[in-house]
Amino acid sequence: NSEYILRYNISTKLVNDTPNYYLHIRKIAKKKKTINTLIEEGMINKKEAAFFIDAVRAGKSFLVCGKGGAGKTTLINTLIEYLDEQVSVECIQENSEIFSENHPEFLCQHTITTRGEGKYVYELKDLARNSLTADIDMFIIGETKGEEARYLFIAANTGASFITTLHSENAEEALYRLADYVKYDSDYTSKEVMRAFCT
C-alpha cells in the first residue's frame, strides 16, 4: 500500500468459535505525523509536546502505555525524529512499524516466525540479546510483552536509554507489568527491576 504499512491477522474456523474467518488489519501511516499534527488532533498538548521533545533530545528513556489503537506507535514514530544524530539506535519489533526517515544510525530488525517448513525463528528475545552486543545508546522494542523485557532491563543497567510500548491502562500498572515480564526469563527481584527502571 502506498500510504500505509499494513499488518494482517487472520484466524480460521480451526480456532474460531464460529464458522467464520476473522481478518484484522492494522494500519501505520508511512508518512509520519508531525508534532504539530499530534497537537492539532488532540493527542498531546503544547506543554506535553515540549516535554517529550526535550526528553528525547536529552536521550531519556520512555515507557509508552495505553490500550490497543491508542496511538503509542504513532507517538514514538514522531518523537524518534528528534533524537540526536550522534545517538546510535537499535530498534527491534515484530512488524516493521517503527522507522526513522532521517536518523543516520537507526538500525531496525524484525522477528521471523516459522511458516510451513521454515527452519529459522528469531523472536524478540533473540533480537534483544543480539542487540546488547552492539554499541548502542538507545534500545527500542516496538512492543514489550514477554521475555524480551529482560534485555531491556539489562540495557537500562548498562546505561543505555530505551523506548518501548506496553498495553496498560495507566503508567503505574505498566511499570509493574514490565517488571513481571523481566521476571519471566530471570531471577531478578521486583525491587531490583524497579530500581533499574526508575533511576
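Bear in mind that the values here come from a model prediction, so they are computed numbers and not experimental data.

Definitions and limits used
Residues numbered from 1 in each chain as written. Predicted model: local features only at pLDDT ≥ 70, side-chain atom pairs only at ≥ 80, totals over all residues. Heavy atoms only, no water. Salt bridge = Lys/Arg side-chain N within 4 Å of Asp/Glu carboxyl O. Helix = DSSP H or I, 4+ residues; strand = E, 2+ residues; numbered from the N terminus. Buried < 20%, exposed > 50% of the residue type's maximum accessible area, 1.4 Å probe, protein only. Pairing = 2+ DSSP bridges. Contact = heavy atoms within 4.5 Å.

(A) Here's a closer look at the pattern of salt bridges. Taken as a whole and judged by the stated rule, the model has 9 salt bridges. Linking Asp126 and Arg129 is a salt bridge whose minimum nitrogen-to-oxygen distance equals 2.9 Å. With Asp126 and Arg129 both in helix α4 (residues 124–131) and 3 residues apart, the pair spans about one turn of that helix. For Glu173, the salt bridge goes to Arg177, with nearest N and O atoms at 2.9 Å. With a gap of 4 residues between them, Glu173 and Arg177 both fall in helix α6 (residues 171–184), about one helical turn apart. Through salt bridges with shared partners, one network takes in Arg7, Arg26 and Glu97.

(B) Highlighting the pairing of strand β3 (residues 62–66). Burial along β3 is one-sided: the residues Phe62, Val64 and Gly66 are buried and none of Leu63 and Cys65 is. Here 5 bridges tie β3 to strand β7 (residues 161–167), and the two strands are oriented parallel to one another. Across the sheet, Phe62 pairs through a bridge with Ile163, a residue of β7.

(C) Spatial organisation of helix α3 (residues 72–79). The element α3 is extensively covered by neighbouring structure, given that 7 of its 8 residues are classed as buried. Those residues of α3 that sit buried are Lys72, Thr73, Leu75, Ile76, Asn77, Thr78 and Leu79. Where α3 is buried, its residues contact β2 (22–29), α1 (35–40), α2 (46–57), β3 and β7.

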